[in-house]
Amino acid sequence: MLEDSYHLLFPLLASVLFASGLLFLKRATVAGTNPWTVTLVANLWAATLFSSFWFLESDPIPWALAWQPALVALFYVSGQIGTFFAINHGDVSIAAPLFGIKVLLVAIMATLIGGQNLAAAIWLAAVLATVGIALVQWTGGGHRKRIWYTILSALAASCSFSVFDVLVQKFCSSPGAAWSTGRFLPLMFWSVAVYSSVFLVGFQKEKLADPRVRRPLLLGGMLIAMQAMCIVFTLSAFGDAPRVNVVYSMRGIWGVLLAWGTAVIWGGSEADLTIRVMILRLAGALLITVSVVIAILFG
């Protein structure tokens, strides 16, 4: 099984890049950068980086199926919009744990849409990872009056991203797929860039003129785009969406550790967490780790 799992190093790397990118983007948002600006920057980075895949192959484009990358890109952007609504207009303390349900949703979607028959170990790993993420990201606070708004937005985002993962696998790496990685991915993220033009309504051009904001914004956006490259390339070349998402769930652990470390050094609320919250996060980290081991060894 280990011989069939080397591609899972890509989602592992993606989990580290994601957590690191968020730290830089947090500095930009603290300086007043809105999520529309952050996402537009990250998506333009992604469109630029994914363009490099075009030169890796010379396969013809199946123009009759050009709607497929355009459709998948739509799910990517809709997932981002759902995330915006959940975090910016809902309750972050509730939304963050709910995003972890994507691991389980991908397993369900892979069965319903992708036609995969998943081993029992994968289902167990997906459930453990979902619970682990919820524990790692749970804060215990929040405004309960916005709970249903937050739940619906977070679930909509998770469903969109889950369908995105499974469709990339279905259209690129499943038996009989018409697309190659070097054609599908650039076309898809060029579509993402086009769709992202809707974010121009809230784009803060003046933030790019401030060096203190521009550096973390551009660096964070690049890291987020790089983690997307790791995940989407793996899905398009190897498939294995359920296990990829289980390993990618490690981002919750890295995020907490990096946030806590920077808070201890430079100050922040993460350094003042209660013992109860820290125990819950430790238990969640343990569950995520166990789920990854199960997915690799028995999936």
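Before reading on, note that the structure itself is shown above.
Residues numbered from 1 in each chain as written. Predicted model: local features only at pLDDT ≥ 70, side-chain atom pairs only at ≥ 80, totals over all residues. Heavy atoms only, no water.

**Digging into the side chain of Q227**
And then number 1: Position of Q227 relative to the elements: it lies in helix α9 (residues 211–238).
And then number 2: For Q227, a relative accessible area of 8% translates into the label buried.
And then number 3: A polar contact is formed between the side chain of Q227 and the side chain of Y248, at a distance of 2.5 Å.
And then number 4: Once you skip the residues sitting within four places of it in the chain, Q227 turns out to touch A14, L17, F18 and Y248. (Helix = DSSP H or I, 4+ residues; strand = E, 2+ residues; numbered from the N terminus. Buried < 20%, exposed > 50% of the residue type's maximum accessible area, 1.4 Å probe, protein only. Polar contact = N/O pair within 3.5 Å; in protein donor to acceptor, adjacent residues only side chain to side chain. Contact = heavy atoms within 4.5 Å.)

**Quick word on the pattern of salt bridges**
And then number 1: Counting across every chain of the model gives three salt bridges.
And then number 2: For D210, the salt bridge goes to R212, with nearest N and O atoms at 3.4 Å.
And then number 3: Since its relative accessible area comes to 22%, D210 is described here as partly exposed.
And then number 4: The exposure class assigned to R212 is exposed, which follows from its relative accessible area of 66%. (Salt bridge = Lys/Arg side-chain N within 4 Å of Asp/Glu carboxyl O.)

**Looking at helix α8 (residues 181–195)**
And then number 1: Helix length check: α8, at 15 residues, gives a terminal C-alpha distance of 21 Å against a target of 21 Å (1.5 Å per residue), a fit within 8%.
And then number 2: The element α8 is extensively covered by neighbouring structure, given that 12 of its 15 residues are classed as buried.
And then number 3: Buried within α8 are the following residues: T181, G182, R183, F184, L185, P186, L187, M188, F189, S191, V192 and A193. (Expected span 1.5 Å × (residues − 1).)

**A closer look at a nonpolar patch on the surface**
And then number 1: Nonpolar side chains collect at one region of the surface, where Y6, L9 and L12 lie side by side and expose about 320 Å² of accessible area between them.
And then number 2: Here L12 is to be found in helix α1 (residues 9–30).
And then number 3: Given the relative accessible area of 32%, L12 is considered partly exposed. (Patch = residues over 30% accessible without salt bridge, like charges linked within 9 Å, V, L, I, M, F, W, Y side chains within 5 Å. Areas by Shrake-Rupley, 256 points an atom, 1.4 Å probe, with all protein chains shown as cover.)

**A closer look at the environment of S51**
And then number 1: Turning to its location among the elements, S51 is positioned in the loop between α2 (35–50) and α3 (67–88).
And then number 2: The sequence separation of S51 and R183 amounts to 132 residues, and the corresponding C-alpha distance is 9.3 Å.
And then number 3: Those residues in contact with S51 that sit more than four places away from it in its chain are P186 and W190.
And then number 4: In terms of polar contacts, S51 uses its side chain to reach the side chain of W190, at 2.8 Å.

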